[in-house]
There are 2 protein chains.
Amino acid sequence: MTIPAARPTSIAGTVLTGSAIPEHAKSDRSGHRAAGQPEVLVRAATVDDVRRAVEFATTAGLSVVVRGAGTGLAGGASAGAGSLILDVSGLDRILRIAEADEFAVVEAGVSGAALDAAAARAGLRYAPDPASVAISTIGGNIATNAGGLRCVKYGVTGDSVLGLSVVLADGRLVHTGRRTAKGVAGLDLTSLFTGSEGTLGVIVSATVRLQPIPVRTVTIAAYFDEVEQAATATAAVLAARVRPAMLELLDAASLREAQDLAGAGGDSAGAFVVAQTDGFGADAEAEIVESTFARFTSRVRVGTDPAAANELLAIRRAALPALERHGRVLIEDIAVPRSRIAEAVRRITEIATGHDSRICTFGHAGDGNLHPIIVVPEHDPAALGRAEAAADEIFATALHLGGTITGEHGVGVLKRRWLERELGPDGLRVQRAVRRALDPDGLFNPGKMF
Amino acid sequence: MTIPAARPTSIAGTVLTGSAIPEHAKSDRSGHRAAGQPEVLVRAATVDDVRRAVEFATTAGLSVVVRGAGTGLAGGASAGAGSLILDVSGLDRILRIAEADEFAVVEAGVSGAALDAAAARAGLRYAPDPASVAISTIGGNIATNAGGLRCVKYGVTGDSVLGLSVVLADGRLVHTGRRTAKGVAGLDLTSLFTGSEGTLGVIVSATVRLQPIPVRTVTIAAYFDEVEQAATATAAVLAARVRPAMLELLDAASLREAQDLAGAGGDSAGAFVVAQTDGFGADAEAEIVESTFARFTSRVRVGTDPAAANELLAIRRAALPALERHGRVLIEDIAVPRSRIAEAVRRITEIATGHDSRICTFGHAGDGNLHPIIVVPEHDPAALGRAEAAADEIFATALHLGGTITGEHGVGVLKRRWLERELGPDGLRVQRAVRRALDPDGLFNPGKMF
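Residues numbered from 1 in each chain as written. Chains lettered and ligands numbered in written order. Predicted model: local features only at pLDDT ≥ 70, side-chain atom pairs only at ≥ 80, totals over all residues. Heavy atoms only, no water.

Peer 1: Could you give me a rundown of the side chain of A:Glu248, with the residues and numbers involved?
Peer 2: Residues and elements named next belong to chain A. Looking at where Glu-248 falls in the secondary structure, it is placed in strand E13 (residues 246-251). Residue class for Glu-248 comes out buried when judged on its relative accessible area of 1%. Among the polar contacts listed, one links the side chain of Glu-248 to the side chain of His-364, at a separation of 2.6 Å. Those residues in contact with Glu-248, other than ones at most four positions away along the chain, are Leu-149, Phe-272, Val-273, Val-274, Arg-316, Gly-363, His-364 and Ala-365. (Helix = DSSP H or I, 4+ residues; strand = E, 2+ residues; numbered from the N terminus. Buried < 20%, exposed > 50% of the residue type's maximum accessible area, 1.4 Å probe, protein only. Polar contact = N/O pair within 3.5 Å; in protein donor to acceptor, adjacent residues only side chain to side chain. Contact = heavy atoms within 4.5 Å.)

Right, dumping it as structure tokens:
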């Protein structure tokens, strides 16, 4: 394609074309590569840059692939032939921290960590904490409705989003939602854009809820002989009316890998669980967590200061990086009703055996959200095929157990062919109708999600 | 209109036509009456009844006005000429209580109280508690995204909705959402239907989140000399990182009326605040609430058993019924950022004076959600005009303070002409586009919200 002569005046921001577009801007952390080469990369620094890029793409017949930090795990930001990559990570201003009203207004390119640091100066925090919080952008978190470790008490990203500013396919900027705790004026378009994976418009800024930093946090970790015991113990904690701020599980294989990377040593076990309680009831809740775990194992540890907490959490945090040392990994993301966790983990083990694949599973036990990580050794050319067949069976298992193919990472490219199986043909038809209403010509992220 | 000959076989459920349709089925608690007479009333008992009614309405050229218990406050269920009233209150089965996974599946006509009672047998509760919880239906609560007293900690109705089954304009039944704690497969149509006020489809059943019944609840009430003190005290409670389960405020006039009706006697004061704390930190949080209130007033009372709590809450609950004794009331529902509550209440008092109207204000201080109740004496023919002018100024005040025209009751008919002022022309255009995508011919609740 030849960029029309109008380019220099009609696009603003930093503009790169053709071979000047760096490789890393064409994909995300999923490892997925789109076919062909994107035509243009625009690094926007203002909302006006975004609007002009969208208008240019329409005129030039290009599709628009929005990207933030490129930390997506489903291929939602992969860009190929005929596309304009619109990088909004330069929209990185924190516009307001409203201390008394507990909200912030931020541009889409602000990282969760940067917002959290600014909020902390007002005694507040931004609750959502995807594993990528240090580097991923709020805009990307909203586009995927990202989860994280604290969801079991504080909800997913969408639960903290009050309102959005979005550039639509016709180049107009619209504002959704509100700055108040409650509000029901009109259809909830804020939630519609949240999790839309770049298919409805370009999120340029957001009003997000902040919350007080908890007065106290206690961390409890336990090693179990069997994953069934761990699942039963986490269910017992929840049945005891405790609302942990975090309730994470690693299976035996993930634990071994994580301990190895973290240099943590520690027990070998059939499963590892780490929980946090916080707030005014943190100690009372932690006592129940500890005594509940103690019914199933003698290996329980409690940390009340940040250093001890970090040590116990380090194992959980090391799980994915440890597995990534062994080659490419397929990071799956099913969620099942919590009562089916043990069954899901057991079934995943069988699937691994059946497909001669190495699968390690960890995840957010409190939400029933599991990440089976399928290792694809680079020296084995047939491994990817076996891994994909295993992933297919994992998705089928999730649906069979009453769950979903994606708890927090999104559909992107990787789970697209499974979406209809989860939603059904009528459900998918309605989704497409809503999409067409906002983006009739399929300008935004075609081939993603749908 | 003549009902087509096909009616007896094509509609199912109880069917009434013309003058056989009772008056109370034509409106809701807003007092709004639509012009003209509805043509048909269908009392559906099954999903199939709903589908057949929708298909019949399409064939007969009627619009569909869905109703549950008729407790709406914005005229969303008022039905006039050319309409088919579809009463779904007969869809009243609790289909499932999933104890370990903490969710329920209910038909749309189940009342919040009935669900809560069923959940209680499993040690769980349904958190949303609109004032109408004893009589309003879950379907209606979802259609309006209803609020209530516990929102400040537990969120609005939508925060408890995991998935929906909806009959669309073409008669098809679609399922949205999931039964797991998290899930991001596709656009969030569950949130789109929640709060759509009957304009997108007929909600026939819902999967809703349940939560453990708190281990302990403490109630704290206080009388303040001035509403500014009360607003400052509630803000100080939240700034102290307390997350009360309830934080309610009555102005002087509401308090007098409520005390009179409740026969509670009690102090006269410039404002009354009642708070609840719950969960494992309830006592620690209650102590902070009590000591914070005590910085502003010596009149603080604490109740820890249900009887004492009910006594303190009775005043709050009596506020609206007390005012309804004086004639018709316009029940307004603005929300402002919490830091602007005192300013809003002060401004409402000025508006009342300016329009020679009696306005009593109470509401959910923790959410910044205020209900200015404008009394319209029946013996004064000009009073309604003055009341409506006052309401207009109240809406303008809410927007001026960075708030919304409706925190929890919805737009319905009553606030329709204010919607564009809040959303802007582009915002409203997008809303209409989404509506058309799901209901291209405007079958559902035309003239409501938009």
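Following the structure, the description resumes.
Peer 1: Outline unusual backbone geometry, listing residues and values.
Peer 2: In the Ramachandran plot, A:Arg241 falls in the positive-phi region, its phi being about 70° despite a non-glycine side chain. Mapped onto the elements, A:Arg241 comes out in the loop between helix H7 (227-239) and E13. Phi at B:Glu102 is positive, roughly 55°, even though this residue is not glycine. By secondary structure assignment, the location of B:Glu102 is in the loop between strand E5 (94-98) and strand E6 (103-107). The buried category is assigned to B:Glu102, whose relative accessible area is 7%.

Peer 1: Could you give me a rundown of the packing of aromatic side chains, with the residues and numbers involved?
Peer 2: If you walk through the whole model with that rule in mind, you get six aromatic pairs over all chains. A centroid spacing of 5.6 Å and a plane angle of 85° characterise the contact between B:Phe224 and B:Phe293, whose relative ring orientation is edge-to-face. Within this pair, whereas B:Phe224 is found in strand E12 (residues 217-224), its partner B:Phe293 is found in helix H9 (residues 282-294), the two being separated by 69 residues in sequence. In this pair, the class of B:Phe224 matches that of B:Phe293, namely buried. On the basis of an interplanar angle of 65° and a centroid distance of 5.3 Å, the ring pair of B:Phe395 and B:Trp418 is categorised as edge-to-face. Here the residue B:Phe395 occupies a position in helix H12 (residues 383-400), and B:Trp418 occupies one in helix H13 (residues 416-438), the gap between them amounting to 23 residues. Taken individually, B:Phe395 and B:Trp418 each receive the classification buried, so the pair is uniform in this respect. Between A:Arg125 and the ring centre of A:Tyr154, over which it is positioned, the NZ or CZ distance is 4.9 Å. (Phe/Tyr/Trp six-rings, centres within 6.5 Å; stacked < 30°, edge-to-face > 60°. Lys NZ or Arg CZ within 6 Å of the ring centre and 35° of its normal.)

Peer 1: A description of helix H3 (residues 112-120) of chain A should follow, citing residues and the corresponding values.
Peer 2: Of all the positions in H3(A), only A:Gly112, A:Leu115, A:Ala118 and A:Ala119 are classed as buried. For H3(A), the angular spread of buried residues about the axis comes to 130°, placing them on one side. (Arc of directions from axis to C-beta.)

Peer 1: Could you give an account of the pairing of strand E19 (residues 369-376) of chain A, with specific residues and numbers?
Peer 2: Residues and elements named next belong to chain A. A large share of E19 lies buried, amounting to eight of its eight residues. The alternating pattern of E19 places Asn-369, His-371, Ile-373 and Val-375 and Leu-370, Pro-372, Ile-374 and Val-376 on opposite faces, both of which are buried. Note that strand E17 (residues 334-335) and E19 share two bridges and pair antiparallel. The partner of Ile-334 across the bridge, within E19, is Leu-370. Across seven bridges, the pairing between strand E18 (residues 358-364) and E19 is antiparallel. For Thr-361, the partnering residue across the bridge sits in E19 and is Pro-372. (Pairing = 2+ DSSP bridges.)

Peer 1: Outline the interface of chain B and chain A, listing residues and values.
Peer 2: Interface size is commonly expressed as the accessible surface area that is lost when the partners come together. Contact with chain B, which involves 80 residues of that partner, is made by 80 residues of chain A. Summed over both sides, the interface between chain B and chain A buries roughly 5800 Å², with carbon and sulfur atoms accounting for 62% of that surface. Broken down residue by residue, the surface that chain B buries against chain A is led by B:Lys182, B:Leu187 and B:Phe280, which jointly contribute 16%. Here chain B is connected to chain A by 27 residue pairs in polar contact (both at pLDDT 80 or more). Of all the elements in the fold, those that place two or more residues in the side of chain B that touches chain A are strand E9 (173-177), helix H6 (189-193), H9 and H13 of chain B. The biggest single contributor to the side of chain B that touches chain A is H13(B), with 13 residues. (Buried area = accessible area lost by both parts, 1.4 Å probe.)

Peer 1: I'd like to hear about the relation of the copies chain B and chain A, residue by residue, with values.
Peer 2: Of the two same-sequence chains, chain B is brought onto chain A (RMSD 0.0 Å, axial shift 0.0 Å) by a rotation of 180°. What the rotation and shift describe, once combined, is the action of a two-fold rotation axis. Taking C-alpha positions as the reference, the residue of chain B nearest the rotation axis is B:Gly281, at 1.9 Å. A share of 100% of the interface residues of chain B reappears at the interface of chain A, consistent with the copies meeting face to face through the same patch. (Least-squares fit on C-alpha atoms with pLDDT ≥ 70 in both.)

Peer 1: Could you give an account of the nonpolar core, with specific residues and numbers?
Peer 2: Core analysis: the largest hydrophobic core is formed by 157 residues, its most contacted members being A:Leu115, A:Leu192, A:Phe293, B:Leu115, B:Leu192 and B:Phe293. Here A:Phe293 is in contact with A:Ile220, A:Ala222, A:Phe224, A:Ala233, A:Val237, A:Leu247, A:Val273, A:Ala275 and A:Val300, once residues within four sequence places are set aside. (Core = buried A, V, L, I, M, F, W, Y, C linked by side-chain atoms within 4.5 Å.)

Peer 1: Describe the packing of helix H11 (residues 341-354) of chain B against H12(B), with residues and values.
Peer 2: Residue and element names in this part refer to chain B. Contact pair H11 / H12: the axes reach a minimum separation of 10 Å and the direction vectors enclose 155°. Viewed along their axes, H11 and H12 adopt a mutual orientation that is roughly antiparallel. Helix-helix and strand crossings are classified by hand; for H11 and H12 the assignment is right-handed. Contacts from Arg-347, Ile-348 and Ile-351 of H11 reach H12 at Ala-390, Glu-393, Ile-394 and Thr-397. (Axes fitted to C-alpha atoms, helices over the stretch in contact; angles between N-to-C directions. Parallel < 35°, antiparallel > 145°, perpendicular 65-115°, else oblique. Left-handed = near helix turned anticlockwise from the far one by under 90°.)

Peer 1: I'd like to hear about the domain arrangement of chain A, residue by residue, with values.
Peer 2: Residues and elements named next belong to chain A. Each domain of chain A was delimited in the assignment, giving domain 1 (14-87), domain 2 (94-212), domain 3 (215-319) and domain 4 (326-432). With 15 residues of domain 3 at the contact, the number on the domain 4 side is 15 residues. Interface area for domain 3 against domain 4, summed over the two sides, is near 1300 Å², with a carbon-plus-sulfur share of 57%. When the buried area of domain 3 at its contact with domain 4 is split by residue, Glu-228, Leu-249 and Glu-257 rank highest and sum to 33% of it. Our count for the contact surface shared by domain 3 and domain 4 stands at two salt bridges. Notably, a salt bridge pairs Glu-228 with Arg-346, separated by 2.7 Å at the nearest N-O pair. Linking domain 3 to domain 4 there are nine residue pairs in polar contact (both at pLDDT 80 or more). Of all the elements in the fold, those that place two or more residues in the side of domain 3 that touches domain 4 are H7, E13, helix H8 (252-262) and helix H10 (306-324). Broken down by class, the residue content of the side of domain 3 that touches domain 4 amounts to eight nonpolar, two polar and five charged. (Domains from an automatic or database assignment. Salt bridge = Lys/Arg side-chain N within 4 Å of Asp/Glu carboxyl O. Nonpolar A, V, L, I, M, F, W, Y, C, P; charged D, E, K, R; others polar.)

Peer 1: I'd like to hear about the pattern of salt bridges, residue by residue, with values.
Peer 2: All names here are of chain A. Scanning all chains against the criterion turns up 61 salt bridges over all chains. The closest approach of N and O atoms between Asp-225 and Arg-299, which form a salt bridge, is 3.1 Å. Residue Asp-225 is located in the loop between strand E12 (217-224) and H7, and its partner Arg-299 is located in strand E15 (residues 299-303); the two are separated by 74 residues in the primary sequence. A residue is classified by how much of its surface remains accessible, and Asp-225, at 52% relative accessible area, is exposed. Arg-358 is the salt-bridge partner of Glu-257, the closest N and O atoms lying 2.2 Å from each other.

Peer 1: Describe in detail the side chain of B:His409, supporting the description with residues and values.
Peer 2: Take B:His409: it is sitting in the loop between H12 and H13. Contact partners of B:His409, with chain neighbours within four places excluded, come to A:Val184, B:Leu73, B:Ala74, B:Thr144, B:Ile331, B:Glu332, B:Asp333, B:His371 and B:Lys415.

Peer 1: Residue-level account of the UniProt feature "domain: FAD-binding PCMH-type" (unreviewed entry) in chain A, with values.
Peer 2: As annotated in UniProt, the feature "domain: FAD-binding PCMH-type" (unreviewed entry) corresponds to residues 34-213 of chain A in the numbering used here. A helix fraction of 22% and a strand fraction of 27% characterise residues 34-213 of chain A, whose end C-alpha atoms lie 42 Å from each other. (UniProt positions renumbered as here; feature names shortened; annotations may be inferred.)

Peer 1: Can you lay out the sheet that holds strand E3 (residues 63-67) of chain A for me, pointing to particular residues and giving the numbers?
Peer 2: Residue and element names in this part refer to chain A. In space, the four strands of this open sheet follow the order E1-E2-E4-E3, with mixed pairing throughout. Every other strand in the sheet has two partners, leaving strand E1 (14-17) and E3 as the edge strands with one partner each. Strand-to-strand twist of the sheet, defined as the mean angle between neighbouring strand axes without regard to direction, takes the value 20°. Bridge count for E3 against strand E4 (residues 83-87) is five bridges, and the pairing is parallel.

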